[in-house]
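# Residue-level structural notes
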Amino acid sequence: MPLVVGVKFKDSGKIYHFDPQDHHLELGDAVVVGTVRGLELGKVVLPIAEVATDALIAELKPVIRQPTYEDYDRIKSLESRHDEVLRLCNERIRANALPMRLVRADWSFDGSRLTVYFSSQPRVDFRHLVRELARIFRARVGLRQGGARGEAKLPGGGGPGGRP
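Thresholds, definitions, all that
Residues numbered from 1 in each chain as written. Predicted model: local features only at pLDDT ≥ 70, side-chain atom pairs only at ≥ 80, totals over all residues. Heavy atoms only, no water. Helix = DSSP H or I, 4+ residues; strand = E, 2+ residues; numbered from the N terminus. Phe/Tyr/Trp six-rings, centres within 6.5 Å; stacked < 30°, edge-to-face > 60°. Buried < 20%, exposed > 50% of the residue type's maximum accessible area, 1.4 Å probe, protein only. Lys NZ or Arg CZ within 6 Å of the ring centre and 35° of its normal. Pairing = 2+ DSSP bridges. Axes fitted to C-alpha atoms, helices over the stretch in contact; angles between N-to-C directions. Core = buried A, V, L, I, M, F, W, Y, C linked by side-chain atoms within 4.5 Å. Contact = heavy atoms within 4.5 Å.

## Quick word on the environment of Asp54
Of note, Asp54 is situated in the loop between strand S4 (38–50) and strand S5 (61–65). Sequence separation between Asp54 and Met1 is 53 residues; the distance between their C-alpha atoms is 9.4 Å.

If you want it as structure tokens, here you go:
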């Protein structure tokens, strides 16, 4: 049976299993892990434990390392641009007259991808907006549409109406 560690990304969301390799990890430790979207920063929420092979959904990806001071500086720099990103996105949304309301914007760990979360009642064709934002931020841009329930869940709540 393989050893796994439970890692969670952001404040809300699902717990993913990773191979701890030779790292000694405790609850609450920050870790850099390999995901399908590249390197991501997560937090250990389940201790290292053995899990039956048939209980694993996919192949285990490894825990690469624990974050360095440079990693934290990069994250802080990306987070400091959050208000600017939302302001520029809102400007482009108004310029394109799109019926969207921005909720949040998240940079990937390495700063190469920006994911913008928005809510909207009707389906929105935002292909032109994505191209504009990619040109402005010089990064891959993904827009994720959600309704009122998804919007309530994003700030950190996972229960009914966004409550913890």
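Moving on from the model shown.
## Notes on the packing of aromatic side chains
Evaluated as defined, the whole model comprises 4 aromatic pairs. For the ring pair Phe9 and Phe18, a centre distance of 6.1 Å and an interplane angle of 85° mean the geometry is edge-to-face. Classification of Phe18 by relative accessible area gives buried; the value is 5%. Sitting above the plane of the Phe109 ring, Arg74 keeps its charged end 5.0 Å from the centroid. When the ring centre of Tyr117 is taken as reference, the NZ or CZ atom of Arg104 above it lies at 4.9 Å.

## Quick notes on the sheet that holds strand S3 (residues 30–35)
The 5 strands lie next to each other as S1-S2-S5-S3-S4, forming a closed barrel whose pairing is mixed. The sheet shows a mean angle of 55° between the axes of neighbouring strands, direction not considered.

## Some words on the nonpolar core
Counting residues in each nonpolar core, the largest one holds 23 residues, and the members touching the most others are Met100, Leu114, Leu129, Phe137 and Leu143. Those elements that provide at least two residues to this core are helix H2 (82–95), strand S6 (101–107), strand S7 (113–119), helix H3 (127–137) and strand S8 (140–146). Counting residues per element, this core draws most heavily on H2, at 5 residues. Look past the residues within four positions of Met100 in its chain and what remains in contact with it is Ile93, Phe118, Ser119, Ser120, Val124, Leu129 and Leu143. Val7, Phe9, Phe18 and Val33 belong to the second largest nonpolar core, which has 9 residues in total.

## Side note on the sheet that holds S7
The 3 strands lie next to each other as S6-S7-S8, forming an open sheet whose pairing is mixed. Whereas interior strands pair on both sides, the edge strands pair on one side only; in this sheet they are S6 and S8. Along the sheet, successive strands turn relative to each other by an average axial angle of 20°, direction set aside. Note that S6 and S7 share 6 bridges and pair antiparallel. Across the sheet, residue Trp107 finds its bridge partner in S7, namely Leu114. Relative to the sheet, H3 contacts S6, S7 and S8, its axis offset from that of S8 by approximately 135°.

## Some points on the pairing of strand S1 (residues 3–8)
Relative to S4, S1 is paired through 5 bridges, and the arrangement is antiparallel. Looking across to S4, one finds that Val4 is bridged to Ala49. Examined bridge by bridge, S1 and strand S2 (residues 15–19) share 4 bridges and lie antiparallel to one another. Paired with Gly6 across the strands is His17, a residue of S2.

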